[in-house]
Every structure is written in C-alpha cells, then in structure tokens.
Amino acid sequence: MDTRSPQAPAARAALDAVWNPEEDDALVCLDVQQETHDVKTFTFASREGKRFAFKAGQYFLFDLEHNGEAENRCYSISSSPHRTNAFSVTVKRVPGGKISNWLHDTLVPGATVKASGPLGHFVRPETSRPKLLLLSGGSGITPVMSILREIADSCEPADVVFMHAGRTPQDLIFRDELACIAHRLKGLRLHFLPETVAGEPSWPGLTGRISKDYIGLAVPDIAERTVMCCGPAPFMAAARGIAAELGVAGPNYLEESFDAAVIDEPEIPAVQEAAAKVFQVTFSKQARSIDVSGDQSVLSCAKKAGVRIPSSCANGVCGTCKSKLASGTVDMNHNGGIRQREIDAGLFLPCCSKPLSDLVIER
C-alpha cells in the first residue's frame with residue numbers, strides 16, 4: 001500500500017523547480033548567524049521551497065527599502081552550491097553604512113526581502129581540478145569560502161592554498177570552520193594572517209600584511225596556481241602586483257569582477273555633438289523604448305522610466321548592470337567593471353554609458 005501523502009508529488013515538484021526572480025523575487029530569511037563582532041551570515045530560502053542554482057563565487061543583487069527609499073546592494077554567496085535548498089550571504093557591518101547596519105540591526109528570521117540573481121563571473125576555471133590559491137582580505141572571504149565549501153562538499157581531490165588576512169585574530173571570519181575543513185580535506189593548506197595580535201596576544205602565527213616575501217615562502221609554487229582574490233581595493237592591488245612578480249600569468253589571476261580594462265574612447269567632438277541630441281533606446285526583451293539624451297546615462301533614464309536593469313554601484317565598478325548592445329554605439333567610461341573581451345563581444349555597462357546613436361539593448 002502506498003502510504004505517501006497526496007501532497008508528496010507536488011512537494012517534490014517544488015523542490016525540483018529552480019527559483020527564478022522573474023517569476024517571484026521574494027526570499028524568506030531562515031537564519032541569522034553571528035560570525036564575528038561585526039559580521040553576520042544571513043540565510044535565505046524560496047517561499048515556495050524552490051531550489052537555487054548558482055556557481056560558487058557568484059552573488060545576488062538585493063532590492064531593499066530603507067526609510068522609504070529603494071536601495072540595491074550586491075552580496076556574494078558564502079554557502080556551497082551543492083546545498084540547493086537555501087543560500088547564505090555574509091555581511092560586514094560598515095561604520096556609517098546605511099544598508100549593512102540596517103541588515104545587522106533589523107533583519108530577522110521570517111522577514112522577507114527581494115533579490116535577483118545569481119550574477120557574476122568570479123567562478124573557478126572550467127579545467128580539470130586546477131591548483132588554486134584562494135586569497136582573501138576581510139569580508140572578501142565570502143566568494144572564496146563558497147568555492148572552498150563546494151570543493152569540500154563534493155569530496156573532490158584538492159590542491160588548494162587558502163590564505164585569509166584580517167585586522168586581528170578575532171576578525172578572521174569562518175576561522176573555526178576553516179580549521180575543521182583543513183582537518184578533513186586532504187590537499188588544503190590554510191594560512192591566516194592578522195595584521196596585529198590585538199585581543200589574542202598568544203597568537204601562534206605570523207602577523208602583518210601580505211608581501212612578496214611572505215607569499216613566496218607560504219606558496220612557493222604560486223606560478224603554477226590559479227589565483228582567485230577578493231578583498232578591499234588596496235588589498236587586491238597589492239595581491240595583483242605580488243602575483244605578477246612571482247610569475248602568475250595574467251589569465252591565471254582572477255579578481256571578483258574588478259579587472260581593469262582599457263577601451264577606445266570616442267572622439268571628443270562626437271561626444272560633444274551627441275550630448276545635445278536625444279536618442280531612442282529600445283529594450284528588446286521588455287518591448288520598451290525610451291528617450292535618452294546624449295548627456296545622460298542609459299541606466300539613470302531606464303530607472304526613471306521603470307525599465308528593470310539590475311544595478312548596484314552605478315559607477316562602472318561592480319558590473320551588475322552588464323548588458324548586450326545589439327545595435328548602436330555608446331560613450332562608456334567605466335571603472336573596471338567590464339573586461340575588454342566582454343566589450344569586444346558587444347557587452348556594455350548602462351550605468352556609465354551615454355548614447356551616441358539610437359540603441360537596441362537585449363534586456
């Protein structure tokens with residue numbers, strides 16, 4: 001006799017379905033975990049029990065409301081993609097930070113937020129188990145932690161060096177969990193590097209900041225590894241220079257999505273002439289057309305007209321609004337949020353692009 005509940009097939013169907021923000025962008029907070037004195041992990045699930053499909057290293061764009069104003073923020077996923085029923089983001093409280101403070105002080109289990117994603121291209125190269133150096137500073141640990149958790153969950157052979165820097169030993173996020181993973185995951189070497197021993201004078205390891213000498217000793221085979229780095233801009237700039245000096249080839253060094261790219265800029269007279277004109281910008285997938293003057297960004301006009309384009313920084317840094325330009329030309333002045341090969345493939349950033357002609361955008 002079949003004793004299964006009549007609802008079982010429907011429940012299984014829900015679990016087989018993949019969450020799609022175009023159908024329902026609401027997420028329910030399941031849990032809030034205090035990681036350090038100023039870092040919390042927030043875990044979210046679909047209201048309908050749908051599963052999440054993302055790659056380790058990607059992020060979600062959260063649409064939040066604070067004091068009656070819409071705010072968008074990108075947060076990297078810190079959980080493993082093998083755990084599909086929910087996902088987690090880990091957020092550091094920033095002094096004076098409007099949204100990080102609101103999340104820490106207000107968001108509780110049971111609360112509902114809106115988000116879109118997954119987004120981003122900071123993922124492991126699709127090669128057969130490359131040797132990795134996962135390098136993080138501060139809260140930049142979140143995407144590389146997702147990558148390490150994925151490796152640990154899959155029980156795949158690993159050759160990984162995980163190096164995490166923080167202000168003090170007490171600021172080392174996921175410190176205990178990393179030690180547990182290192183104990184059971186063969187092929188993982190773990191390095192913590194606090195700047196000072198404040199709060200833990202008996203710290204047994206080295207202190208200071210990353211340097212060529214330190215990384216050269218800790219990871220003597222760095223030139224054979226794929227380096228994946230995330231952290232504050234000065235940290236990543238230092239890491240980038242050190243990796244290059246130690247022989248890491250350019251394609252083998254990956255940062256979140258802040259690779260600097262050099263693009264050809266339009267002639268100044270063409271830009272000045274276009275600034276006085278109004279162009280038609282068509283969003284093909286949304287069947288919408290709007291007018292955008294040559295002195296305004298595509299994103300700012302799209303938002304005013306109610307056209308949905310995921311965005312965060314609005315300064316050409318994060319790459320969240322990256323879109324396909326089907327036809328037309330733009331004056332784009334970005335700050336590293338798009339790679340040259342993406343530009344060559346017809347992609348652009350609406351947040352920092354002004355039209356030089358009528359445009360058709362695949363959005």
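Conventions and cut-offs
Residues numbered from 1 in each chain as written. Predicted model: local features only at pLDDT ≥ 70, side-chain atom pairs only at ≥ 80, totals over all residues. Heavy atoms only, no water. Helix = DSSP H or I, 4+ residues; strand = E, 2+ residues; numbered from the N terminus. Buried < 20%, exposed > 50% of the residue type's maximum accessible area, 1.4 Å probe, protein only. Disulfide = S-S within 2.5 Å. Core = buried A, V, L, I, M, F, W, Y, C linked by side-chain atoms within 4.5 Å. Contact = heavy atoms within 4.5 Å.

Looking at an unreviewed UniProt entry, one finds the protein chain named Hybrid-cluster NAD(P)-dependent oxidoreductase and attributed to Rhizobium leguminosarum.

Undergrad: Any chance you could explain unusual backbone geometry here in plain terms?
TA: With the exception of glycine, the majority of residues adopt a negative phi angle, and the majority of peptide bonds are in the trans configuration. Of note, the bond from glycine 117 into proline 118 is cis; its omega dihedral lies within 30 degrees of zero at 5 degrees. On the secondary structure map, proline 118 appears in strand E6 (residues 112-119). Positive phi, close to 60 degrees, is recorded for phenylalanine 174, a residue that is not glycine. The topology assignment puts phenylalanine 174 in the loop between strand E8 (160-166) and helix H4 (175-184). Classification of phenylalanine 174 by relative accessible area gives buried; the value is 5%. Located in the positive-phi region is alanine 287, a residue other than glycine, with phi close to 55 degrees. You can see alanine 287 is positioned in the loop between strand E12 (278-283) and strand E13 (288-293). Classification of alanine 287 as exposed rests on a relative accessible area of 70%.

Undergrad: What's the story with the state of the cysteines in this structure? I'm lost.
TA: Going through the model one piece at a time under the given rule, you end up with zero disulfides. Looking at cysteine 352, it has no disulfide partner, and the nearest cysteine sulfur is the one in cysteine 351, 4.1 Å off. The class of cysteine 352 is buried, set by a relative accessible area of 13%.

Undergrad: When you look at the nonpolar core in this model, what are you seeing that I'm missing?
TA: What tends to happen in soluble globular proteins is that the nonpolar side chains get buried as a cluster. Counting residues in hydrophobic clusters, the biggest one holds 26 residues, and the most contacted among them are Leu134, Ile141, Leu148, Val160, Phe162 and Leu178. Broken down by secondary-structure element, the contributors of at least two residues to this core are strand E7 (132-137), helix H3 (141-154), E8, H4 and strand E9 (188-194). For this core, the leading source of residues is H3, giving seven residues. When near neighbours in sequence (up to four residues on either side) are disregarded, valine 160 contacts Leu132, Leu134, Leu148, Ile151, Gly187, Leu188, Arg189 and Arg225. Phe283, Cys301, Phe348 and Ile361 belong to the second-largest nonpolar core, a separate cluster that totals 22 residues.

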